[in-house]
Amino acid sequence: MSTDTSTAGNSITSDDVLQLVGFQLGNEEFGIEITSIQEINRMPFITRVPNSPYHVKGVMNLRGKTVPVMDLRIRLSMDNKPFTDDTRIIVVKMETEVIGFIVDSVTEVIRLSKSNIEEPPDFLRTIDTEFIDSVGKIKGKLLILLDLNKILQTQTTELPIQ
């Protein structure tokens, strides 16, 4: 059953709308489907894991469960930056796995019509942007929608731990 919402005479059903959690990495805004998100937390203590990939910051204790934590900024080949009071961990549940993604800040819950979502342009399809699922247009700006499965499955060159 879908909820009907009307916008300027256009009838949009909830089946035509994606609910996303928006977050910042640098100056860019990204989105993840809200149904994938278990919770959003402030930065906890993270225990380093020896010989882990460069983008894996370690593990955290989440109510007695050990959860791996990945720095999404590093995973997306962006410049590293110190954590701030706005830094958050978005805890995502994917099938049987739970993982935390470090982001610069969480912005808002976004309702985005599927008609405002497009495939990424061909010039974006490089090794550094292989994790982009699609691009949403909302309020005159672009929202990059990530493919979490690719982020978790794709192997990258391991760099030394900092």
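Reading guide: rules and limits
- Residues numbered from 1 in each chain as written.
- Predicted model: local features only at pLDDT ≥ 70, side-chain atom pairs only at ≥ 80, totals over all residues.
- Heavy atoms only, no water.
- Salt bridge = Lys/Arg side-chain N within 4 Å of Asp/Glu carboxyl O.
- Helix = DSSP H or I, 4+ residues; strand = E, 2+ residues; numbered from the N terminus.
- Buried < 20%, exposed > 50% of the residue type's maximum accessible area, 1.4 Å probe, protein only.
- Pairing = 2+ DSSP bridges.
- Axes fitted to C-alpha atoms, helices over the stretch in contact; angles between N-to-C directions.

Novice: I'd love a proper account of the pattern of salt bridges, names of residues and values included.
Specialist: Throughout the structure, instances matching the rule amount to 5 salt bridges. Among the ionic pairs, Arg63 bridges to Glu39, the shortest N-O distance being 2.4 Å. Taken together, the residues Arg63 in the loop between strand E6 (56–62) and strand E7 (65–71) and Glu39 in strand E5 (residues 37–42) connect sequence positions 24 residues apart. By relative accessible area, which is 16% here, Glu39 ends up buried.

Novice: So what's going on with the pairing of strand E13 (residues 141–146)? Residues and values would help.
Specialist: Where strand E4 (residues 28–33) meets E13, 2 bridges bridge the pair, whose relative direction is parallel. Residue pairing across strands places Gly31 opposite Leu145, the latter belonging to E13. Two elements, strand E12 (residues 132–138) and E13, share 6 bridges in a ladder whose sense is antiparallel. Paired with Val135 across the two strands is Ile144, which belongs to E13. From the end of E12 to the start of E13, which pair antiparallel, there are 2 residues, and Lys139 there has a positive phi angle of about 50°.

Novice: For the sheet that holds strand E8 (residues 88–94), give the residues involved together with the corresponding values.
Specialist: Here 5 strands make up an open sheet; going across it, the order is E5-E8-E9-E7-E6 and the pairing mixed. The sheet is open, and its two edges are formed by E5 and E6, each paired on a single side. Going from strand to strand, the sheet's axes swing by 30° on average, the running direction of each strand aside. In this sheet, strand E9 (residues 97–103) lies alongside E7 in parallel orientation, the contact comprising 3 bridges. Bridge pairing in E9 links Asp71 to Ile102.

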